[in-house]
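Here is how the chains run, residue by residue.
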Amino acid sequence: MEQYDPADLLIFARVAEGGSFTAAADRLGLPKSTVSRRISMLEEQLGERLLLRTTRRLTVTEFGEALLEHARQVASEIDAVKALAESRQARPSGRLRVSMPSDFANLLLTDALAAFCALHPAVALELDLSPRRVDLLGENFDIAIRMGELPDDTVLAARRLAVFPAGLYAAPAYLAEHGEPERPDALNQHRALRLLGRGGAPLGWTLMRGEERWQGTPPGSITANSPELMIRLARGGAGITAVPDYFAAPYVRRGELRRVLAAWCLPTHTAWAVFPGRRLMPAKTRAFLDMLQAALGTGTAAGTETATPRSEDA
């Protein structure tokens, strides 16, 4: 009877998750040539192709898709053994790769990140602050912070960190010069600092007060995809911006920003921590999640763990 090496199933799972031999080799710590050779040997043993190779991409065959479920089970068992070993360590250690929006890191987590590194010196923290949505499994990330609704997935898990109310803010100097709007319709006579949506168009504003609702896109000459920049521009008197209250709070306390149309609220923003759905979580990951909840939990709803979002959207 033909003997199959479970390690080859692990390699196949990593290639399918990463979408390339290079990504799988980096994650496994193996030469790319070894990964390619082991996949070819597995295909010869099974008598069927698992992957269709072109110069641009890899495609999993129909037979490969059927085998992939079993390969993922092998990978899950190996991950569980690794997580068990890590969880038994006296302190968190090893490389921890985290993706989060730059605004989170710069506006909310600078002190918390410094404290985490001081408390866990054996953890090598790597932060990706780019706006792109990383592939957690394919790029070997441990945690990603995501905003908004998350679609279901069976591979990843998510924990709700915080729910942020949002409002409109401007500098006192701007309001003194241009006047303070008393109704949402008056925003059309002001300069708006608008966030860019994923499609590249400025996001409209939706304001709510009880049963009343107002929607519009006030005129403005500045749009960007960074709430941090919007706050800095608003502090400089460039206009009115819509940001989460938690982001604006330090500048409100210092008198640099003031809430506009305080009785009206924008829709809330939910922050999630997304991570591989392992049965045992490594100590370094658990420690980082605990830090996130401690840093973001004040005045917010936090801590709900749920079924997972799709990896390509997470």
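Preceding this section is the structure that the text describes.
Model, not experiment: these values are computed from the prediction. (Residues numbered from 1 in each chain as written. Predicted model: local features only at pLDDT ≥ 70, side-chain atom pairs only at ≥ 80, totals over all residues. Heavy atoms only, no water.)

## Quick word on the overall build of the protein chain
Point 1. Scanning the protein chain from N- to C-terminus turns up 10 helices and 14 strands.
Point 2. Counting across all 314 residues of the protein chain, residues that qualify as buried make up 44%.
Point 3. Intrachain contacts of the protein chain at a sequence separation of at least 6 include 76% that bridge at least 24 residues.
Point 4. About 16,000 Å² of surface is accessible on the protein chain, with carbon and sulfur atoms providing 51% of the total. (Helix = DSSP H or I, 4+ residues; strand = E, 2+ residues; numbered from the N terminus. Buried < 20%, exposed > 50% of the residue type's maximum accessible area, 1.4 Å probe, protein only. Contact = heavy atoms within 4.5 Å. Areas by Shrake-Rupley, 256 points an atom, 1.4 Å probe, with all protein chains shown as cover.)

## So, the packing of aromatic side chains
Point 1. For the coordinates displayed, the defined rule picks out five aromatic pairs.
Point 2. Centre to centre, the rings of Phe104 and Phe164 are 6.0 Å apart; their planes meet at 65°, and the pair counts as edge-to-face. Here Phe164 lies in strand β6 (residues 153-170) and Phe104 lies in helix α5 (residues 102-108), a separation of 60 residues in the sequence.
Point 3. The interplanar angle of 25° and the centroid separation of 5.5 Å between the aromatic rings of Phe164 and Tyr246 together place this pair among those described as stacked. Taken together, the positions of Phe164 in strand β6 and Tyr246 in helix α9 (residues 245-253) put the pair 82 residues apart, joining distant regions of the chain.
Point 4. We classify Tyr246 as partly exposed; its relative accessible area is 27%.
Point 5. In textbook terms, an aromatic cluster arises when at least three aromatic residues are bridged by ring pairs, as seen for Phe104, Phe164, Tyr246 and Phe247. (Phe/Tyr/Trp six-rings, centres within 6.5 Å; stacked < 30°, edge-to-face > 60°.)

## Brief notes about the packing of helix α1 (residues 6-18) against helix α2 (residues 21-28)
When two helices pack together, their arrangement is given by the angle between the helix axes and by the axis-to-axis distance.
Point 1. The N-to-C vectors of α1 and α2 enclose an angle of 125°; their axes lie 8 Å apart at closest approach. By the angle class used here, α1 and α2 are oblique. Seen from above, α1 lies across α2 with right-handed handedness. Here Leu10, Ile11, Arg14, Val15, Glu17 and Gly18 of α1 lie close against α2, whose contacting residues are Phe21, Ala23, Ala24, Arg27 and Leu28.
Point 2. Each residue belonging to the contact of α1 with α2 can be placed in one class, and the counts come to seven nonpolar, one polar and three charged. (Axes fitted to C-alpha atoms, helices over the stretch in contact; angles between N-to-C directions. Parallel < 35°, antiparallel > 145°, perpendicular 65-115°, else oblique. Left-handed = near helix turned anticlockwise from the far one by under 90°. Nonpolar A, V, L, I, M, F, W, Y, C, P; charged D, E, K, R; others polar.)

## Some points on the pattern of salt bridges
Point 1. Scanning the entire structure with this criterion turns up 16 salt bridges.
Point 2. With its nearest N and O atoms 3.3 Å apart, the salt bridge here joins Arg14 to Glu17. Of the two residues, Arg14 and Glu17 both sit in helix α1, three residues apart, roughly one turn of that helix. The same class applies to Arg14 as to Glu17, namely buried.
Point 3. When the shortest N-O distance is used, the salt bridge between Glu256 and Arg254 registers 3.2 Å. (Salt bridge = Lys/Arg side-chain N within 4 Å of Asp/Glu carboxyl O.)

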